[in-house]
Amino acid sequence: MEAQEALIKARSSLIIGDPFWGVLALKLTLRMQNEGCDTAATDGNNLYYNEKFIDKLSASERKGLLAHEVGHCVFGHIPRQGNRDPEIWNMACDYPLNRVLLEAGFILPAGGLIDHDGEFTNMTAEEIYEKLLEHKKKGTLPTGWPANPGKDPWQGKTIWGKMRDPENNPDVDAPTASQLKSEWKIHTAQATEIARQQGHLPGHLIRFMEDMLEPLVDWRELLWPFASTWAGEEYSWRKPNRAYISEDEYFPSLKEEALGDVVLAIDSSGSTEPDMEQFISEFVDIKNTLQPRRLIIMHCDTEVQKVIEVEKEDELEKEHFEIAGGGGTYFSPVFKEVSKEYSDDIEALVYLTDLECNDFGEAPPYPVLWVSSRRAKKAPPFGEVGYIFKES
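Residues numbered from 1 in each chain as written. Predicted model: local features only at pLDDT ≥ 70, side-chain atom pairs only at ≥ 80, totals over all residues. Heavy atoms only, no water.

**Side note on the overall build of the chain**
Move 1: In terms of helices and strands, the chain carries 11 helices and 12 strands.
Move 2: Looking at the chain as a whole, 47% of its 392 residues qualify as buried.
Move 3: Considering only residue pairs separated by 6 or more positions, the chain has 62% of its internal contacts joining residues 24 or more positions apart.
Move 4: Surface exposure of the chain reaches about 20,100 Å², of which carbon and sulfur atoms provide 48%. (Helix = DSSP H or I, 4+ residues; strand = E, 2+ residues; numbered from the N terminus. Buried < 20%, exposed > 50% of the residue type's maximum accessible area, 1.4 Å probe, protein only. Contact = heavy atoms within 4.5 Å. Areas by Shrake-Rupley, 256 points an atom, 1.4 Å probe, with all protein chains shown as cover.)

See below:
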C-alpha cells in the first residue's frame, strides 16, 4: 500500500472513530519527503513523512502517528519553543503528549518517549525541558529512554514525529508561529465542539481541552498591568479632592507615586490547608513586588478572623504568618469589613484562595485580583483571576 494512501485511510478512520483528532488531521497537508525526513514531522501546516517509515507501520500505529503530529499543533508546542534547543524541546513535548495519546487508547509507533517511571508526572513541557537539560549535563538517561549500546546515549536517538519551524516553510503565504497559535486554537475549538456533539470527546480529554482553550494565567502575568492602573495615573477620579467637596465641585485628587493601601485577603478555610505554605510564599512576593504604602492582611474563613496592618517600611514578622481560621468559606465578609473599616481608601484587593465558594458578595468599587491555587469551577462574578503555579 502506498504511504500516502495509507495515511489517508488512517485519517478517514480517525474521522469516523475519533472525530476530534480526525477533523484536526485534515488541517495538515500530507507531503512525502524521503530526503531530510527519516520518519515524520509537522510545521503546523504540513505533515511531512518518509514513505519507508510509513510503510513499516501498522494501521493502528499510523493513526497514533497522525494524532501525535496533530497533538503538537493542538498544544501549541511549535510556537512555545522559543529559543530552546529544537531536539530537546521536541523530546520534552513528546512525554506529556504521548501520555495523553496512550490514555486515549492510541497505539504508537515503537521508539516513542514514554514516561514509564512517572518522572515527569504533572509537569509542563517547559519543566520537562529543564529536567532533560539536567540529564544531558550529568550524562544520565531520563525515563523511557532506550540506550544506544557503544554510543553516547544522547546521540543517534531517532525520535519519530518531530516538529519543524514554520518560518522555514518555502510557501510564500505560510503563517508564522504566532499566526499558527491563533489558527490552531480556532481549529481545536471547532473540533472539540464537533466531537462533543457526536458524543466522541473522551472524558480524559475534556479537561485538557478546557485548559487549552481557557488557559490558566499565572497571577504574576496580571499583576503589573493590574498594578499600573493603580499607580500609573497622575490623578485619581475615584478619590475626590476633599478641599472642594463643600463647594459642590468634584475634582480629582493628586495621587502619590507609591501605591496606596492594598488589602491582601487570605482564605483560611479548611480546604486551603494544603495550599497554605504556598499562600505564605505568594503573599511575601505580593508585598515585595507591589510595595504598597500599607498592606492590610485579612484572614477569613466564614468570617474575618484576623486583621494585620503592615506599613511599607515594616518587615514581615512571625505573627504575619500565623494563620487564623480553619472553618468553612465565605468571601463576602472581607468586602464587608473593608467597606466598614476602610471605606474608599483602598486601591485594590488581592485574594489568595482555592475559589471553593460561591459567596462573593457585591462587587466593590476597587479592582480585585483573585489568586487561586486551582481552576475555578465557576468564575467569580467580578475581578480578574490568576493562578498559582506550584514549583515542582
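**Concerning helix H11 (residues 332–341)**
Move 1: When H11 is considered as a whole, its buried residues turn out to be Ser332, Pro333, Val334, Phe335 and Val338.
Move 2: Where H11 is buried, its residues contact strand E7 (261–267), strand E8 (294–300), strand E9 (304–311), strand E10 (346–353) and strand E11 (368–372).
Move 3: Remark: serine 343 follows H11 within two positions and exhibits a positive phi of approximately 50 degrees.

**Thoughts on unusual backbone geometry**
Move 1: Unusually for a residue other than glycine, asparagine 122 sits at a positive phi of about 60 degrees.
Move 2: Assignment of secondary structure puts asparagine 122 in the loop between helix H5 (86–103) and helix H6 (125–138).
Move 3: With relative accessibility at 72%, the residue asparagine 122 sits in the exposed group.
Move 4: In this structure, leucine 355 takes a positive phi of about 60 degrees despite not being glycine.

**Structural notes on a nonpolar patch on the surface**
Move 1: A surface patch of nonpolar side chains, amounting to about 290 Å² of accessible area, comprises Ile15, Ile16 and Leu26.
Move 2: With respect to the helices and strands, isoleucine 15 occurs in helix H1 (residues 3–17).
Move 3: For isoleucine 15, a relative accessible area of 31% puts it in the partly exposed group. (Patch = residues over 30% accessible without salt bridge, like charges linked within 9 Å, V, L, I, M, F, W, Y side chains within 5 Å. Salt bridge = Lys/Arg side-chain N within 4 Å of Asp/Glu carboxyl O.)

**Some words on the sheet that holds strand E1 (residues 29–32)**
Move 1: A sheet is described by the order of its strands in space; here 4 strands give the open sequence E1-E3-E2-E4, paired in mixed fashion. For this open sheet the edge positions go to E1 and strand E4 (162–163), each flanked by a neighbour on one side alone.
Move 2: Across the sheet, H1 lies against E1 and strand E3 (46–49), angled at about 155 degrees from E1, the strand it touches most.
Move 3: Here helix H4 (residues 59–74) sits on the sheet in contact with strand E2 (40–42), E3 and E4, set at roughly 25 degrees to E2. (Pairing = 2+ DSSP bridges. Axes fitted to C-alpha atoms, helices over the stretch in contact; angles between N-to-C directions.)

**With respect to the sheet that holds E8**
Move 1: Read from one edge to the other, the open sheet built from 6 strands follows the order E9-E8-E7-E10-E11-E12, with strand pairing classed as mixed. Whereas interior strands pair on both sides, the edge strands pair on one side only; in this sheet they are E9 and strand E12 (384–387). The sheet shows a mean angle of 20 degrees between the axes of neighbouring strands, taken without regard to direction.
Move 2: Strand direction decides the pairing type here: E7 and E10, joined by 6 bridges, are parallel. Bridge pairing in E10 places alanine 265 opposite tyrosine 351.
Move 3: Of the strands in this sheet, E7, E8, E9 and E10 touch helix H10 (residues 276–290), which is tilted by about 175 degrees from E7.
Move 4: Each of E7, E8, E9, E10 and E11 is contacted by H11, which is oriented at about 160 degrees to E10, the strand it contacts most.

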